[in-house]
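# Results of the structural survey
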Amino acid sequence: MTQQPAPPDRGAVRAAIEGLLRTCVDLEYQADGAATEARKRARGVAEALAAVRLPRGVLDVPALAQQVDDLGSQLDADLRGRLAEARRPYVTEIHTLLALLAPWHGLAALPPMASAAPVGDLHDHFPAGFAQNYIDDLLAAVDRSVTLTVQTAAGVPAQPHHASDQAKIRVSDRLSYNDRAEGVRMLQGSDCHAVERHGPHISREAQLARLLWRKDPAGQQRWQPLAAGGAESDHWCGPAAGGFTSPEAMAKPLQALLRWARDHATGLDELLNRHTKPKTKRVAIHVSAESAGLVAGDAAGYRGTATSNRAMTDDWLDAREYAMVHGAPPVYAVPYDPIVEGPDAGAFLQFKRVGPSSWQLVTCYPVGHRNPNSKRLEDLI
Amino acid sequence: MTPPSENFREYFGSGLGLADELPESYVEACEEVPELLADDEDGSYRAFRDELAQHIRDSSYPPHRTADSQWITDEWLRNVWYDAFGPEPPPGDPFPVPREDWGHRRRTPFMLYAIHQTPERSSPGAPAWLAARGLTFDDVNAGVGISLTGQPASVRPAPEGWLERLHDLTERGLRAEQPGER
């Protein structure tokens, strides 16, 4: 019986594409650096020579200076040519890997590589559409994206219980006097993890460890590095992680909602009851950045690289699962401010029904896109 | 049927549509389905289920982001349908997933988020969920469990004539045209 070759793992393919592309970019930077340096040195020599005054018959200094200058330009061109040679196999490999990924994007086949000048933009080597878009998305973030080893993630401290409790008080203290008791009750609910996952006391590094290695920033859910690399985790995180940067910022959407509930109903429970069916168990609300008064700098987080559509997001999530099991290759994330970058930014809040007519907050976090199925605060009238 | 109704958005937006954002809510929403169907005096949950089937049949659920294709969106909804309502394909699905693929060659969010190596480490509703679909923990773990390497995944590119099909559905008023379909 012949054994079928194991098909490629989607996550491994995705991670390899990013790794190879990053190598190409590194090569380019190194060649750029070397070329600039070589040209600078040649020019320095040429300038020094030009200052030497000798009779033409003894030595033609201007001609020599010109020769040295030309040599500098030649070195530059040589280096770029060699770069193009060096990266050619990588570019070919990236194209092959993108072809393996294409079916997961609903595409039957990937067009062949574009015929581009070997020296030139990486982008031009790939066929238009899926492949070029993927490359562009990865290249756009290549200088800003970061990763974290599992060892570093293991060293990121979890926030102890009392730190979360303190943060809840600090956030509630920023609410108007009338809303403070309700705010504390909301954030302290047994099913609420708004502060535990998105509170202002959580460090940037802890958000990154949550996104890349599914490490619970509150340390409540099991997380264990594996001897062979990778990690086991009971904590889940989607393709982005982040939160509010200050107690004031986190209080903003809560305040907007509580005020709205007072103005349009007798309170939160009544507002939510009125806008849900009796048997609805959960409800999602979008408080726009405008309504909440959220501004640049109020939120910070990370999102997976090249996750601008559903299939690409699934690629990235699979690459993360691959790293969780094998410890490598690393996945990368881009720091971002959802309030600034998103087209329909705000805060996502979810409530859970806990009795026939009472509700408990589950979570509250900043988003760049409104989920199209979330209810807009402004529509709850 | 276009666009999604208020009733659809309320049910979908509170759990089944949130696998990426809030996996816990997604798992809870999947596990609540039998109860919601049994206790459905106003018929609103059945209406939600029927509308999901219609969106899959007519490719009429708009992609969340402009960069998402309708095919990928529909494939996502097929996974949600399986996780919520079981192995019978939605009525009228023009491209049903072969039943034997589920859990063996095709992974769904519920399998990823709720089913782990042992029942103890899995979601409380996982045994009932598996039984209702004729699967076992071993099936899912062997096919799509912790070891993702070498997984013979079922990948379905958009079928031939897909764009023409979308144009036809659009012309018949069953869906709204999405960017990039011309």
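The rules we used
- What you see as residue numbers is a count from 1 along each chain, following the sequence as written.
- Key to labels: chains lettered from A, ligands numbered from 1, both in the order written.
- Totals for whole chains, interfaces and linings use every residue, but because this is a predicted model, local features are given only for residues with pLDDT of at least 70 and side-chain atom pairs only at 80 or more, for both listing and counting.
- Each side-chain value is derived from all of the structure's non-hydrogen atoms; neither hydrogens nor water enter the calculation.
- We count a salt bridge whenever a side-chain nitrogen from Lys or Arg sits within 4 Å of a carboxyl oxygen from Asp or Glu.
- We count a stretch as a helix when DSSP gives it H or I for four or more residues in a row; a strand needs E for two or more, and each element gets its number in order from the N terminus.
- Partly exposed describes any residue whose relative accessible area lies between the buried limit of under 20% and the exposed limit of over 50%, with all areas from a 1.4 Å probe on protein chains only and scaled to the type maximum.
- Note on contacts: a residue pair qualifies if any of its non-hydrogen atoms lie within 4.5 Å across the two residues.
- By definition, the buried area sums, over both parts, the 1.4 Å-probe accessible area that each loses when the two are put together.
- Should DSSP find at least two bridges between two strands, the strands are regarded as paired.
- Angles here are taken between N-to-C directions and fall from 0 to 180 degrees, while the axes themselves are lines fitted to C-alpha atoms, restricted in helices to the stretch in contact.
- What counts as a ring pair is set by centres within 6.5 Å for rings of Phe, Tyr and Trp (its six-membered ring), and what kind of pair is set by the plane angle: stacked under 30 degrees, edge-to-face over 60, tilted for all other angles.
- In this scheme, the term charge over a ring applies when either NZ of a lysine or CZ of an arginine sits within 6 Å of the ring centre and within 35 degrees of the ring normal.
- One number per residue, pLDDT, summarises how confident the predictor is, and it ranges from 0 to 100.

Considering all chains together, one arrives at 46 salt bridges over all chains under this definition. Close ionic contact of K252 of chain A with D298 of chain A constitutes a salt bridge, the shortest N to O distance being 2.6 Å. You can see K252 of chain A sitting in helix 9 (residues 247-264) and its partner D298 of chain A sitting in the loop between helix 11 (289-292) and strand 5 (299-304), a full 46 residues away along the chain. The exposure class of K252 of chain A is partly exposed, given its relative accessible area of 24%. Of the charged contacts, one joins R320 of chain A and E321 of chain A as a salt bridge, the two residues approaching to 3.8 Å between their closest N and O atoms. Residues participating in the shared-partner salt-bridge network are D191, R282 and K352 of chain A together with E28 and E32 of chain B.

A few words on the interface of chain A and chain B. At the junction of the two partners, chain A supplies 48 residues and chain B supplies 53 residues. Overall, the association of chain A and chain B removes approximately 4,100 Å² of surface from exposure, summing both partners, and the carbon and sulfur fraction of that is 49%. Contact with chain B buries surface across chain A, with K279, R310 and N373 of chain A losing the most and accounting together for 20% of the total. Applying the counting rule to chain A against chain B returns 12 salt bridges. Put simply, E6 of chain B and K375 of chain A hold a salt bridge, and the shortest N to O gap is 3.5 Å.

The subject of this paragraph is the sheet that holds strand 8 (residues 358-367) of chain A. Reading across from one edge, 8-7-4-9 (chain A) is the order of the four strands in this open sheet, with mixed pairing throughout. In this open sheet, the two edge strands, each paired with only one partner strand, are strand 8 and strand 9 (375-376) of chain A. Relative to strand 7 (residues 346-355) of chain A, strand 4 (residues 282-288) of chain A runs antiparallel, the two sharing seven bridges. Each residue of the ladder has a partner; that of A284 of chain A, found in strand 7 of chain A, is Q350 of chain A. The strands that helix 2 (residues 23-38) of chain B touches are strand 4 and strand 7 of chain A; relative to strand 4 of chain A, the one it contacts most, it runs at about 145°.

So, about the pairing of strand 8 of chain A. Two faces make up the sheet, and in a regular strand the side chains alternate between them. Residue and element names in this part refer to chain A. Burial analysis of strand 8 places nine of its 10 residues in the buried class, which makes it a mostly covered element. Where strand 7 lies against strand 8, nine bridges are found, and the strand directions are antiparallel. Residue pairing for strand 8: R353 is matched across the bridge by W359. Counting the residues that bridge the hairpin from strand 7 to strand 8 gives two residues.

So, about the packing of aromatic side chains. One pass over the structure, following the stated rule, counts 22 aromatic pairs over all chains. Between W71 of chain B and W162 of chain B the ring centres are 5.0 Å apart and the planes differ by 80°, which places this aromatic pair in the edge-to-face class. Of this pair, W71 of chain B sits in helix 4 (residues 70-85) while W162 of chain B sits in helix 8 (residues 162-171), and the two are 91 residues apart along the sequence. In terms of burial, W71 of chain B and W162 of chain B fall into one category: buried. Pairwise contacts between aromatic rings join F8, Y11, F12, Y45, F48, Y61, W76, W81 and F85 of chain B into one cluster. Against the face of W236 of chain A rests R214 of chain A, its NZ or CZ located 3.7 Å from the ring centre.

Here the focus is unusual backbone geometry. Residues and elements named next belong to chain A. Cis geometry marks the peptide bond from A328 to P329, where omega comes out at -10°. Relative to the helices and strands, P329 resides in the loop between helix 12 (310-326) and strand 6 (333-336). Residue A306 is not a glycine yet carries a positive backbone phi of 50°. Tracing the sequence through the fold places A306 in the loop between strand 5 and helix 12. Judged by relative accessible area, A306 falls into the buried class, the value being 2%.

Keep in mind that low pLDDT regions are not for reading the predicted coordinates in detail. Residues and elements named next belong to chain B. Residue-level pLDDT values for chain B average 89, and 93% of them are 70 or greater. Of all the helices and strands in chain B, helix 7 (residues 137-144) carries the lowest mean pLDDT, 76, while helix 3 (residues 44-58) carries the highest, 97. For the stretch residues 145-152, pLDDT sits under 50, and the model shows 18 contacts to residues farther than four places along the chain or on other chains.

What follows is about the sheet that holds strand 5 of chain A. All names here are of chain A. Overall, antiparallel pairing links the three strands, which are arranged 3-5-6 in an open sheet. The sheet is open, and its two borders are formed by strand 3 (240-244) and strand 6, each paired with just one other strand. Sheet twist, expressed as the average angle between the axes of neighbouring strands with direction ignored, equals 10°. Across four bridges, the pairing between strand 5 and strand 6 is antiparallel.

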